[in-house]
Amino acid sequence: MSERTGIEWTEATWNPTTGCDRTSVGCDNCYALTLAKRLKAMGNLRYQRDGDPALSGPGFGLTLHYDLLDRPRHWRRPRLIFVNSMSDLFHPDVPLDFVQKVFAVMADTPQHTYQVLTKRSKRLAAVAGDLEWPSNVWMGVTVETPRYAFRIDHLRSVGAAVRFISAEPLLEALPNLDLTDIHWLIAGGESGPGARPMEADWVRDLRDQCTAPNVAFFFKQWGGRTPKAGGRHLDGAIHDALPEATTLACGFAESLSG
């Protein structure tokens, strides 16, 4: 697969693992699961292992790709890289030594900036002390409803230079979040067939919560049948702030601001 991506808050993707299992309500309409099924049917060799039908699906069994570990070393131009857009690096079936290899590559390529996102925050917190945390690694957790706000506490315990929350798909209001030591918040609606609707007031509240603690706010999309169906404007404005005091790959901040 191409490393290019249409994800608004990053430049490229790197998938040293593929496949996953549903773990919370935000996974119910997982885009990656649907895409993996299509890639398997197309004969893509990286998506031939099937997952548990109850939690995963065709082509979406957890798979380690050792041959892709060194891929970022060959990218000459600095990039902002989303790690594992098609998996979860902290999935319980990813061995710790493999996670450590991924972190070693990130540490050895300081020209890039890496964004790692997980729903397995408990495991993240448990193994964080066994990982090297270079300044070019941003660590995030998904919080789709108040039930999963506990993931923020796990994230706070991690020694990442930048900690972020992905409220996508935003399925309920998230009032009174504790954003202490959080640097960035991404919000977005669900997309695809059967997408669950998101209310504007939920997004406005997150935007306003980010003001007081000086947390950068990024509104990705309203969602709908396709990711771009509803656009990105919130009350007539585009919100694409990035964390402060960070060096971004390849002038990414400038490209967002036009």
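So, a few notes on the structure that sits alongside this text. (Residues numbered from 1 in each chain as written. Predicted model: local features only at pLDDT ≥ 70, side-chain atom pairs only at ≥ 80, totals over all residues. Heavy atoms only, no water.)

As a further point, take helix α5 (residues 200-209). The complete set of buried residues in α5 reads W202, V203, L206, R207 and Q209. Seen along its axis, α5 keeps its buried residues to an arc of 165 degrees; they face one direction. Buried residues in α5 make contact with β7 (162-167), β8 (184-188) and β9 (216-221). (Buried < 20%, exposed > 50% of the residue type's maximum accessible area, 1.4 Å probe, protein only. Helix = DSSP H or I, 4+ residues; strand = E, 2+ residues; numbered from the N terminus. Arc of directions from axis to C-beta. Contact = heavy atoms within 4.5 Å.)

Let's shift gears to the sheet that holds strand β5 (residues 113-118). The seven strands lie next to each other as β1-β4-β5-β6-β7-β8-β9, forming an open sheet whose pairing is parallel. Among the strands making up the open sheet, the edge pair consists of β1 (12-14) and β9. In this sheet, adjacent strand axes meet at a mean angle of 25 degrees when their direction is disregarded. Inspection of the sheet shows strand β4 (residues 80-83) paired to β5 by four bridges, in the parallel sense. Note that in β5 the partner of I81 across the bridge is Y114. Packing against the sheet, α5 makes contact with β7, β8 and β9, and its axis sits at approximately 160 degrees to β9. (Pairing = 2+ DSSP bridges. Axes fitted to C-alpha atoms, helices over the stretch in contact; angles between N-to-C directions.)

Right, let's talk about the pairing of β9 for a bit. For β9, the tally of buried residues reaches six of six residues, placing the bulk of the element in the interior. Where β8 meets β9, five bridges bridge the pair, whose relative direction is parallel. Directly across from G188, in β9, lies its bridge partner Q221. For the crossover that starts at β8, traverses α5 and ends in the parallel β9, the hand is right-handed. (Right-handed = clockwise from strand over helix to strand, strands pointing away.)

The linkage connecting E168 with the following residue, P169, adopts the cis geometry, with an omega of -5 degrees. Residue placement: P169 occurs in the loop between β7 and β8. Here N176, not a glycine, exhibits a phi torsion of approximately 55 degrees, which is positive. Tracing the chain through its elements places N176 in the loop between β7 and β8. A positive phi is found at N214, a non-glycine position, where the angle reads about 60 degrees. Inspection of the secondary structure puts N214 in the loop between α5 and β9.

A complete count under the given rule lists 18 salt bridges for this structure. For E8, the salt bridge identified is with K228, shortest N-O distance 3.1 Å. With E8 in the segment before β1 and K228 in the loop between β9 and α6 (252-257), this residue pair connects regions lying 220 residues apart in the sequence. Between R77 and E11 there is a salt bridge whose closest N-O contact spans 3.6 Å. Here E11 lies in the segment before β1 and R77 lies in the loop between β3 (63-64) and β4, a separation of 66 residues in the sequence. Counted as one network, the salt bridges with shared partners bring together D201, R204, R207, D208 and D235. (Salt bridge = Lys/Arg side-chain N within 4 Å of Asp/Glu carboxyl O.)

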